[in-house]
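# Architecture at a glance
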Amino acid sequence: MPRLLLVFAHPAYDHSRVHRHLLQYLPDDLHLTFRDLYELYPDFYIEIEEEKQLLRDHDIVIWQHPLYWYSCPPLLKQWIDLVLEFGWAYGPGGFALKGKRLLQVLSTGGGRHAYQPDGFHRHTLRQFLIPFERTAHLCGMEYLPPFVAFGAHRLTDRTLFDLSLDYARLLRHLMDDEDGSFVQALMRCEYANDCLPTLHPTLPSTS
Ligand SMILES: Cc1cc2nc3c(=O)[nH]c(=O)nc-3n(C[C@H](O)[C@H](O)[C@H](O)COP(=O)(O)O)c2cc1C
């Protein structure tokens with residue numbers, strides 16, 4: 001069974017609607033390790049060795065966060081800057097993360113239609129996420145298609161509930177994917193969400 005490490009970064013979790021839902025419906029039996037960075041490190045002083053050991057001990061790493069200015073909140077960036085050390089995560093002798101998987105789980109204010117070349121944001125979300133994808137690749141990790149809650153402020157409770165169930169389902173499929181066929185199908189999707197309707201035909205559109 002792969003071991004899941006969920007690295008969560010939300011600077012205003014008290015006001016969160018989307019991520020609160022997404023986390024609330026994750027079943028206990030996934031046995032994932034949950035790290036709330038803003039709770040652990042309110043002063044931004046990250047315990048680098050502890051974080052590195054957690055990375056060594058897990059197979060799939062999740063970076064879950066709201067999209068802030070087309071990127072992640074600052075504490076996750078700080079975590080990436082400090083924990084993914086040269087000579088450990090990348091560069092000469094830097095193989096600690098080789099072969100692990102990275103899943104980004106995020107929410108956006110903009111709808112999916114706004115994240116198109118002819119949409120409001122002029123680029124797809126995948127294009128904005130290239131720095132994360134390249135970071136994963138530089139560390140020898142496989143970057144999975146991200147799971148996204150687009151249009152956060154317009155999501156109905158019902159859609160949010162369905163998204164939360166899909167997130168839980170996605171993690172379970174990643175855990176149970178003994179023959180690799182799920183990840184093979186997943187890698188053909190732009191977003192992990194697109195891979196799930198076949199498993200859950202009633203999934204409403206999140207665009
Ligand atoms: C400082 C800040 C920057 C933001 N930047 C973006 C952005 O670049 N693109 C976008 O689509 N939404 C942006 N948003 C909207 C958030 O992504 C949205 O409020 C969040 O994903 C909702 O999730 P939550 O209910 O868990 O807080 C931003 C919000 C804040 C507060």
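Residues numbered from 1 in each chain as written. Predicted model: local features only at pLDDT ≥ 70, side-chain atom pairs only at ≥ 80, totals over all residues. Heavy atoms only, no water.

### Observations regarding the site of the ligand
Quick note on the threshold: Whether a residue is near a molecule or strand depends on its heavy atoms: if one lies within 4 Å, it is near. Two N or O atoms form a polar contact when they lie within 3.5 Å of each other; inside protein one atom must be a possible hydrogen donor and the other a possible acceptor, and for residues adjacent in sequence the pair counts only when both atoms belong to side chains. To measure how exposed things are, a 1.4 Å probe is used in the Shrake-Rupley method; for residues, cover is taken only from the protein chains shown. Side-chain classes follow a simple rule in which Ala, Val, Leu, Ile, Met, Phe, Trp, Tyr, Cys and Pro form the nonpolar group, Asp, Glu, Lys and Arg form the charged group, and the remainder, Gly included, forms the polar group.
In the neighbourhood of the ligand, 17 residues make up the surrounding shell, with Ser16, Leu67, Trp69, Ser107 and Tyr115 lying closest. Within the contact set of the ligand, an oxygen atom lies 3.0 Å away from a backbone nitrogen or oxygen of Val18. His153 places a polar side-chain atom, nitrogen or oxygen, 3.2 Å from an oxygen atom of the ligand. Here the ligand loses 75% of its free accessible area of 640 Å² to cover by the protein chains. Considered class by class, the residues forming the shell around the ligand number eight nonpolar, eight polar and one charged.

### Concerning the nonpolar core
What tends to happen in soluble globular proteins is that the nonpolar side chains get buried as a cluster. This is how it is decided: In these notes, a set of buried Ala, Val, Leu, Ile, Met, Phe, Trp, Tyr and Cys residues joined through side-chain atoms within 4.5 Å is what counts as a nonpolar core. Between buried and exposed lies partly exposed: a residue is buried under 20% and exposed over 50% of the maximum accessible area for its type, with that area taken using a 1.4 Å probe on protein chains only. For helices the rule is a DSSP run of H or I covering at least 4 residues; for strands it is a run of E covering at least 2, with both sets numbered from the N terminus onward. Residues are treated as being in contact if the distance between any of their heavy atoms lies within 4.5 Å.
Core analysis: the biggest nonpolar cluster contains 36 residues, and Leu55, Trp63, Leu76, Trp79, Leu84 and Leu125 have the highest contact counts within it. Elements that contribute at least two residues to this core include exactly strand E1 (4-8), helix H2 (37-40), helix H3 (48-57), strand E3 (60-66), helix H4 (74-83), strand E4 (101-107), helix H5 (125-128) and helix H6 (130-138). No other element matches H4, which puts five residues into this core. What Leu125 contacts, discounting residues up to four positions off in sequence, is Leu67, Leu106, Thr108, Tyr115, Val148, Phe150 and Tyr191.

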